[in-house]
Amino acid sequence: MDDTSLSPFRSIPLKGPYSIPLRSLYSKSFDNLVMAGRNISVTHVALSTTRVMATCATLGQAIGTAVAYCVKHRITPANLANTKERLRDYQQLLLRQDQAILGVVNVDQQDLARQAVVKASSESTGFEAKKVIDGVNRDIQDGHSHQWRGDLRSGDAHIELRWSAPRTIRTVELTFDTGLNRHLRLSGENGTMKRQVRGPQPETICDYTLEYLLGEKVIKTEEVRDNFLRKIVHETESIRVDRIRLTAKKTHGDPYARVFEIRCYA
């Protein structure tokens with residue numbers, strides 16, 4: 001044992017990302033006081049990572065959604081954080097908003113996509129079509145990918161959700177890949193700036209169609225061009241379908257169409 005092992009300032013090893021509990025974002029003294037930024041309740045050790053801008057942005061989303069949930073259900077943030085059933089519902093709401101929570105996957109009973117069989121025009125090993133309903137909306141540090149990849153090098157690529165009986169669909173939610181693994185930040189250092197990809201990210205699907213089908217009949221088709229967003233929500237009138245088909249036509253440069261998640265709601 002050396003002298004550094006006795007120091008109160010020795011580093012604490014972290015193996016990867018960690019979760020920030022909701023109870024860090026509200027006051028224990030005032031029922032209606034919440035926070036999301038550098039003033040949340042953490043030690044000096046945690047402050048080194050919780051204070052950064054991207055993390056503060058997710059804290060803002062988390063506490064904003066929590067307050068809306070509390071107002072709707074007439075409860076306090078403390079009630080929300082300490083009631084397992086409420087907390088579970090709230091976490092599922094955040095996932096639907098494209099928030100990420102370690103160890104929490106989509107189990108939304110209202111998501112009709114979870115009842116579907118998924119098929120695709122092409123698949124790569126580790127990037128199968130079924131990944132779009134595996135409950136994880138981005139790649140995480142678990143040794144697996146959680147996205148479907150369709151090869152665009154020989155033409156369009158499509159992925160299809162099929163139900164054994166017709167379903168009524170009003171909302172289809174798509175989550176694409178926008179290169180979250182890549183740093184995108186302001187810097188005065190030339191090397192950092194050269195590694196940035198400015199504008200739409202190469203992995204993101206640019207042009208696509210979304211078809212609603214019943215049997216062999218196409219009930220409705222939506223066409224999207226020049227997309228650069230990660231999360232897309234398609235709202236329509238109630239449509240009776242037994243299939244929906246997403247056809248990717250072009251990305252912003254990547255040879256594969258990449259989709260993390262598809263959700264469907266009545």
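This is a predicted model, so every value here is computed, not measured. (Residues numbered from 1 in each chain as written. Predicted model: local features only at pLDDT ≥ 70, side-chain atom pairs only at ≥ 80, totals over all residues. Heavy atoms only, no water.)

1. Regarding the overall build of the protein
Consideration 1: The secondary structure content of the protein amounts to five helices and seven strands.
Consideration 2: Listing every helix and strand of the protein by position from the N terminus yields α-α-α-α-β-β-β-α-β-β-β-β.
Consideration 3: For the protein, the C-alpha atoms occupy an extent of roughly 70 × 50 × 35 Å along the three principal directions.
Consideration 4: Taken across its 266 residues, the protein has 41% of its residues classed as buried.
Consideration 5: Of the contacts made within the protein by residues no fewer than 6 positions apart, 69% connect residues no fewer than 24 positions apart.
Consideration 6: Split by element, the accessible area of the protein, about 15600 Å² in all, is 52% carbon and sulfur.
Consideration 7: Separation of charge centres in the protein, based on 39 positive and 31 negative side chains, amounts to 4 Å. (Helix = DSSP H or I, 4+ residues; strand = E, 2+ residues; numbered from the N terminus. Buried < 20%, exposed > 50% of the residue type's maximum accessible area, 1.4 Å probe, protein only. Contact = heavy atoms within 4.5 Å. Areas by Shrake-Rupley, 256 points an atom, 1.4 Å probe, with all protein chains shown as cover. Lys, Arg positive; Asp, Glu negative; His and termini not counted. Charge placed at Lys NZ, Arg CZ, Asp CG, Glu CD.)

2. Here's the deal with empty space enclosed by the protein
Consideration 1: A complete count under the given rule lists one cavity of 30 Å³ or more for this structure.
Consideration 2: The computed volume of the largest cavity comes to approximately 30 Å³.
Consideration 3: For the largest cavity, the full set of lining residues is Asn106, Asp111, Arg114, Val132, Ile133, Gly135, Glu261, Ile262 and Arg263. (1 Å grid on protein atoms, 1.4 Å probe; cavity = no way out; pocket = protein on both sides within 12 Å on 5 of 7 lines; lining within 4 Å. Points joined across faces, edges and corners; volume = space filled by probe spheres on them.)

3. As for the side chain of Asp177
Consideration 1: If you trace the backbone, Asp177 turns up in the loop between strand 3 (157-176) and helix 5 (190-194).
Consideration 2: Within the local environment of Asp177, its side chain forms a polar contact with the side chain of Gln147, the two groups lying 3.1 Å apart. (Polar contact = N/O pair within 3.5 Å; in protein donor to acceptor, adjacent residues only side chain to side chain.)

4. Here we look at the packing of aromatic side chains
Consideration 1: Per the counting criterion, the structure on display carries one aromatic pair.
Consideration 2: Both rings, one in Phe176 and one in Tyr208, keep their centres 5.4 Å apart while their planes meet at 75 degrees; by these two values the pair is edge-to-face. Placement of Phe176 in strand 3 and of Tyr208 in strand 4 (residues 205-214) is noted, with a sequence separation of 32 residues between them. For the pair formed by Phe176 and Tyr208, the shared burial category is buried.
Consideration 3: Sitting above the plane of the Tyr265 ring, Arg96 keeps its charged end 3.5 Å from the centroid.
Consideration 4: A cation sits over an aromatic face here: Arg149 above Phe127, 3.9 Å from the ring centre. (Phe/Tyr/Trp six-rings, centres within 6.5 Å; stacked < 30°, edge-to-face > 60°. Lys NZ or Arg CZ within 6 Å of the ring centre and 35° of its normal.)

5. Overview of the nonpolar core
Consideration 1: Residues Leu161, Trp163, Val172, Ile244, Ile262 and Cys264 are the most contacted members of the largest nonpolar core, which totals 31 residues.
Consideration 2: Within the residue set of this core, elements represented by two or more residues are strand 3, strand 4, strand 6 (231-251) and strand 7 (256-265).
Consideration 3: Counting residues per element, this core draws most heavily on strand 3, which supplies eight residues.
Consideration 4: In this structure, Ile244 is in contact with Ile159, Glu160, Leu161, Trp163, Val172, Glu211, Tyr212, Leu213, Ile262 and Cys264, ignoring residues within four places of it in sequence.
Consideration 5: Residues Leu25, Met35, Ile40 and Leu94 belong to the second largest nonpolar core, which totals 19 residues. (Core = buried A, V, L, I, M, F, W, Y, C linked by side-chain atoms within 4.5 Å.)

6. A short note on the pattern of salt bridges
Consideration 1: This structure, assessed with the given rule, holds 19 salt bridges.
Consideration 2: Between Glu160 and Arg243 there is a salt bridge, with its nearest N and O atoms 3.4 Å apart. With Glu160 in strand 3 and Arg243 in strand 6, this residue pair connects regions lying 83 residues apart in the sequence. Accessibility classification places Glu160 together with Arg243 in one group, the buried group.
Consideration 3: One network of salt bridges, with partners in common, ties together Glu160, Arg162, Glu211, Asp242, Arg243 and Arg245. (Salt bridge = Lys/Arg side-chain N within 4 Å of Asp/Glu carboxyl O.)

7. A word on the environment of Ala113
Consideration 1: Residue placement: Ala113 occurs in the loop between helix 4 (84-96) and strand 1 (117-120).
Consideration 2: Ala113 sits in the buried class, given a relative accessible area of 0%.
Consideration 3: Residues Ala113 and Ile133, spaced 20 residues apart in sequence, show a C-alpha to C-alpha distance of 6.8 Å.
Consideration 4: When near neighbours in sequence (up to four residues on either side) are disregarded, Ala113 contacts Ile133, Leu161, Trp163, Ile262, Arg263 and Cys264.

8. Comments concerning helix 4
Consideration 1: With 13 residues, helix 4 ought to run about 18 Å at 1.5 Å a step, and its terminal C-alpha atoms sit 18 Å apart, in line with that.
Consideration 2: The set of residues buried in helix 4 consists of Tyr90, Gln92, Leu94 and Leu95.
Consideration 3: Looking at the buried residues of helix 4, the elements they touch are helix 2 (53-73), helix 3 (77-81) and strand 7.
Consideration 4: After helix 4 finishes, the residue Asp98 shows a positive phi value of roughly 80 degrees. (Expected span 1.5 Å × (residues − 1).)

9. Quick word on the layout of surface pockets
Consideration 1: Its boundaries defined by the atoms lining it, the second largest pocket holds a volume of some 320 Å³.
Consideration 2: Around the second largest pocket, the lining is made up of 13 residues, and of these Tyr69, Asp89, Gln92, Leu93 and Asp108 lie nearest the centre.
Consideration 3: Breaking the lining of the second largest pocket down by element, the ones donating at least two residues are helix 2 and helix 4.
Consideration 4: A per-element tally of the lining of the second largest pocket places helix 4 first, with five residues.

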